[in-house]
Structures are given as C-alpha cells and as structure tokens.
Amino acid sequence: GCGKSTQSRLLAERTGALLTFEPGASELGRILRGIVLDPDRPAPVPRAEALLMAADRAQHVDDVIVPALDAGRWVVTDRFSGSTLAYQGWGRELGAAQLRPMLEFATGGLRADLSVLVDLPLELARQRLATIAPDRLERLGEAFHERVRQGFLAEAEADPDHWVVMDGSKDPASIG
C-alpha cells in the first residue's frame with residue numbers, strides 16, 4: 001500500500017528501463033510466488049520461505065536482469081535483496097546478517113545501484129489495501145509489518161549512500 005509498484009512503473013517509464021518484479025518475473029519465479037504467497041497453499045516455515053525467495057532471486061537475476069544489463073538496458077525491479085532482509089530477516093526474525101551471504105550467493109554478487117524505500121505508516125497502508133484480497137504475507141499481523149517497516153528503515157539508515165527514503169503518504173505523482 002505504500003505505492004512502491006506505482007513508483008517503480010513511473011521510474012521505468014521515465015528512464016526507458018526494463019520494469020521487473022519479485023517474486024515471479026521468471027517462469028520458475030511464478031511457481032515460487034504461488035508457493036510463498038498463496039494463502040490457500042501450505043505455508044513454508046520462515047527458513048524455507050527465505051530460501052524460496054532466494055531461489056526466485058537467483059532465477060530472476062539470471063533470466064531477466066543480467067540479460068537486460070548485458071544488452072545495455074537499465075533495470076528497475078519492484079523488490080530486490082532489501083525486501084528479503086526486511087521481510088524474512090526482520091519480519092520473520094531470521095536475522096538480516098544471517099541472510100546476507102545467501103543473498104550474495106543468490107544474486108551472484110549483483111547489487112542494485114540504488115534502493116528506494118517508499119515509506120508509509122502502517123495504518124495508512126492498511127487503509128489503502130482494504131479493498132484487495134491479501135496474500136499470505138499481507139495477512140500477517142501488525143507486529144510483523146511493523147518489524148518489516150523498521151527493517152527497511154534500518155537498512156536504509158545503515159547504508160545511506162545506497163538507499164533513498166521517500167514519503168509514501170504523498171500523492172503518487174508528487175513522490176518521484
């Protein structure tokens with residue numbers, strides 16, 4: 001509900017970049033997305049969830065991102081390694097430091113040049129999402145989502161040269 005997908009789309013349109021997303025931008029990723037997010041399927045335990053997200057990222061990097069970069073294109077991806085650190089590291093309480101080596105392996109060392117956090121208070125996010133059917137992660141409680149938000153903010157604060165934090169409560173057209 002913070003407007004991340006809208007801002008990703010607007011940035012890709014303005015720069016002529018390839019817009020992609022995680023999880024699910026590759027053929028294998030679509031299957032993994034269903035396993036991780038479909039509330040009607042059995043839920044993976046938190047460690048398995050982190051590994052499934054890493055598997056999606058590895059496939060996404062090799063099938064989508066690297067070919068685009070090799071062709072000289074810019075890439076805007078709606079979610080990347082920071083999301084795993086926030087959701088599985090902080091939200092699922094697996095520990096961001098413990099997940100970093102796995103993410104390095106999954107991406108083959110590829111890092112985003114810039115990570116943009118569109119920050120939004122939880123209550124406003126819940127209001128914006130009230131009309132859509134929530135996936136498995138969106139159904140998790142407020143404490144989980146507050147840990148995720150704090151995780152994103154901590155990652156941004158720890159690496160200010162790599163992260164930009166934007167106010168997601170603004171009108172989408174005025175954010176970027």
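The preceding data block contains the structure.
Residues numbered from 1 in each chain as written. Predicted model: local features only at pLDDT ≥ 70, side-chain atom pairs only at ≥ 80, totals over all residues. Heavy atoms only, no water.

K.L.:
Mind showing me how you'd approach the overall build of the protein chain here?
P.N.:
Looking only at helices and strands, the protein chain has 8 helices and 4 strands in total. Relative to its full complement of 176 residues, the protein chain shows a buried share of 40%. In the protein chain, 73% of the contacts between residues at least 6 apart in sequence involve partners at least 24 apart. Of the accessible surface of the protein chain, which amounts to about 9,600 Å², a share of 55% is contributed by carbon and sulfur atoms. (Helix = DSSP H or I, 4+ residues; strand = E, 2+ residues; numbered from the N terminus. Buried < 20%, exposed > 50% of the residue type's maximum accessible area, 1.4 Å probe, protein only. Contact = heavy atoms within 4.5 Å. Areas by Shrake-Rupley, 256 points an atom, 1.4 Å probe, with all protein chains shown as cover.)

K.L.:
Explain the nonpolar core here, please?
P.N.:
Nonpolar side chains in soluble globular proteins tend to end up buried together. Ranked by size, the top nonpolar core spans 14 residues in total, and within it Val36, Tyr87, Leu137, Phe144, Val148, Phe152 and Trp163 carry the most contacts. Of all the secondary structure elements, the ones that give two or more residues to this core are helix H2 (27-37), helix H3 (46-70), helix H4 (81-91) and helix H7 (142-158). Take this core: its biggest share by element is 4 residues, from H7. Those residues in contact with Phe152, other than ones at most four positions away along the chain, are Gly82, Ser83, Ala86, Tyr87, Leu117 and Trp163. If you look at the next biggest cluster of nonpolar residues, it comprises 8 residues, including Ala54, Leu85, Leu99 and Ala106. (Core = buried A, V, L, I, M, F, W, Y, C linked by side-chain atoms within 4.5 Å.)

K.L.:
I keep staring at the side chain of Asp119 and nothing clicks. Help me out?
P.N.:
Note that Asp119 resides in strand E3 (residues 115-119). Residues contacting Asp119, with those up to four places away along its chain left out, are Arg149, Leu153, Val165, Met166, Asp167, Gly168 and Ser169.

K.L.:
Whenever I open this one, the environment of Gln88 confuses me. Can you help?
P.N.:
You can see Gln88 is positioned in helix H4. Leaving out residues up to four positions away in the same chain, Gln88 has contacts with Glu49, Ala50, Met53, Ser83, Glu93, Leu94 and Leu99.

K.L.:
So what exactly am I meant to see when it comes to the environment of Pro23 here?
P.N.:
Its location among the elements puts Pro23 in the loop between strand E1 (18-21) and H2. Take Pro23: its relative accessible area is 5%, and that puts it in the buried class. In the structure, Pro23 is positioned 11 residues away from Gly34 in sequence and 9.1 Å away in space, judged by C-alpha atoms. Dropping the residues within four chain positions of it, Pro23 is found in contact with Gly29, Arg33, Leu37, Met53 and Asp56.

Read these as layout, nothing more, since geometry by itself doesn't imply function.
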